[in-house]
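# Structural description and commentary
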Amino acid sequence: MADLTTPKRNWLQRLTGLGRTTIPVVRLHGVIAAEQRQGRLNIATVAPLLQRAFAIKAAPVVAIIVNSPGGSPVQSRLIAKRIRDLAEEHHKPVLVFVEDAAASGGYFIAVAGDEIIVDPSSIIGSIGVIMAGFGFVGALEKLGVERRVHTAGNNKSTLDPFLPEKKSDIERIKQVETDIHNVFIDVVKKRRGERLNGADETLFTGEWWTGMRGVELGLADAVGDLHETLHTRYGPHLNLKVIEPRRSWFGLPRLGFAASLGSDISATIEDRALWARFGL
């Protein structure tokens, strides 16, 4: 029996795409960092994509795919704010779809959505702040190397890996982390509001959860995926327009080969360390 509930499209509509609902899709994949390189998310690379997505007047919604283990709190906030500014300017709702992870800064970006839809096995949350490094106290002495440090300002050598940690340095770092953490918490509470279903002592410790558990805690709204959700809500005749970065002429990198290779190796190691925190 023919489906009488779905309007048929004539041959001209099928040929030209007329009659389809266009929905822009912006994919935000990678570590969040100010560094300008392929695979990094920051306001400079993401803003043009968002601008093009929200500029599609006929689109009833903007879909954003987030897949990020986090990174820079500043870049995370700037991206999230740009999403909200454009959503309000163009009066468009935003659906965020989480793939492997929206953790830490990735979750900061995700809460810019009006709804967050996750896979049951997605990793979400990690609402906290971390600063890490290494200490090499005594290493130079064993190597027979003398290091000379001269500063103007008593605290200029904070976090120097070749100096012993000082209690005052640790207290100051903890205060900086607390300030940044409070910004994160305030944004989550403002965006998620009464949907949150857990005490602060549970939600804001830096712990992370599966997507299914995140829905129970109110950190996400539903389990699902992009295609199923959009087809259910906007019908079968969709034109999912993926908004991608514009490539430079011939797609050539701007750095010399050696410089680019060295930078890529270092960045890849750093990126892998961030993903590995979540077993990904």
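The structure we're discussing is the one just above.
Residues numbered from 1 in each chain as written. Predicted model: local features only at pLDDT ≥ 70, side-chain atom pairs only at ≥ 80, totals over all residues. Heavy atoms only, no water.

### Examining the overall build of the chain
Defined as follows: Counting from the N terminus, the helices are the DSSP runs of H or I reaching at least four residues and the strands are the DSSP runs of E reaching at least two. Relative accessibility under 20% of the residue-type maximum defines a buried residue, over 50% an exposed one, and the middle range a partly exposed one, all with a 1.4 Å probe and only protein chains included. Throughout, a contact is declared for two residues whenever any of their heavy atoms are within 4.5 Å.
Along the chain, the regular secondary structure elements total ten helices and ten strands. Taking all 280 residues of the chain together, the buried fraction comes to 38%. Taking the contacts inside the chain whose residues are at least 6 apart along the sequence as the reference set, 72% of them involve residues at least 24 apart.

### What to know about the pattern of salt bridges
Basically, it comes down to this: Note on definitions: salt bridges are taken to be side-chain nitrogens of Lys or Arg within 4 Å of carboxyl oxygens of Asp or Glu.
By the definition in use, this model includes ten salt bridges. For the salt bridge of glutamate 99 with arginine 27, the shortest nitrogen-to-oxygen distance reads 2.8 Å. Of this pair, glutamate 99 sits in strand S5 (residues 94-103) while arginine 27 sits in strand S1 (residues 21-29), and the two are 72 residues apart along the sequence. Residue class for arginine 27 comes out partly exposed when judged on its relative accessible area of 43%. Between aspartate 85 and lysine 81 there is a salt bridge whose closest N-O contact spans 2.9 Å.

### Focus: the environment of alanine 58
Within the element layout of this structure, alanine 58 appears in the loop between helix H2 (43-54) and strand S4 (62-68). Under the relative-accessibility criterion, alanine 58 is labelled exposed at 68%. In this structure, the C-alpha to C-alpha distance between alanine 58 and isoleucine 23, residues 35 residues apart in sequence, is 8.4 Å.

### Overview of the packing of H2 against helix H3 (residues 73-90)
We count it as follows: Note on method: axes are straight lines fitted to C-alpha atoms, helices fitted across the in-contact stretch only, with angles between N-to-C directions ranging 0 to 180 degrees. Any angle that is under 35 degrees is reported as roughly parallel, and any over 145 degrees as roughly antiparallel; angles of 65 to 115 degrees are reported as roughly perpendicular and all others as oblique. Two helices crossing with the near one rotated counterclockwise from the far one by less than a right angle form a left-handed crossing, whereas a clockwise rotation gives a right-handed crossing. As a working rule, the residues Ala, Val, Leu, Ile, Met, Phe, Trp, Tyr, Cys and Pro are called nonpolar, Asp, Glu, Lys and Arg charged, and the rest polar, with Gly in that last group.
The contact between H2 and H3 brings their axes to 10 Å, and the two run at 15°. Here H2 is positioned roughly parallel relative to H3, judged by the angle of their axes. For the pair H2 and H3, the crossing hand works out as right-handed. Across the interface between the two elements, Ile43, Val46, Ala47, Leu50, Gln51 and Phe54 from H2 touch Gln75, Leu78, Ile79, Arg82, Ile83, Leu86, Ala87 and His90 from H3. Looking at the contact of H2 with H3 residue by residue, the class counts come to ten nonpolar, three polar and one charged.

### Examining helix H6 (residues 167-192)
The condition is simple: Take the residue count of a helix, subtract one, and multiply by 1.5 Å to get its expected span.
Taking 1.5 Å per residue as the helical rise, H6 with its 26 residues ought to reach 38 Å, and the 37 Å between its terminal C-alpha atoms agrees with that figure. The complete set of buried residues in H6 reads Asp169, Ile173, Glu177, His181, Phe184, Ile185, Val188 and Arg192. Packed against the buried residues of H6 are helix H4 (105-110) and strand S6 (115-118). A positive backbone phi angle near 50° is found at glycine 193, which sits one or two residues after H6.

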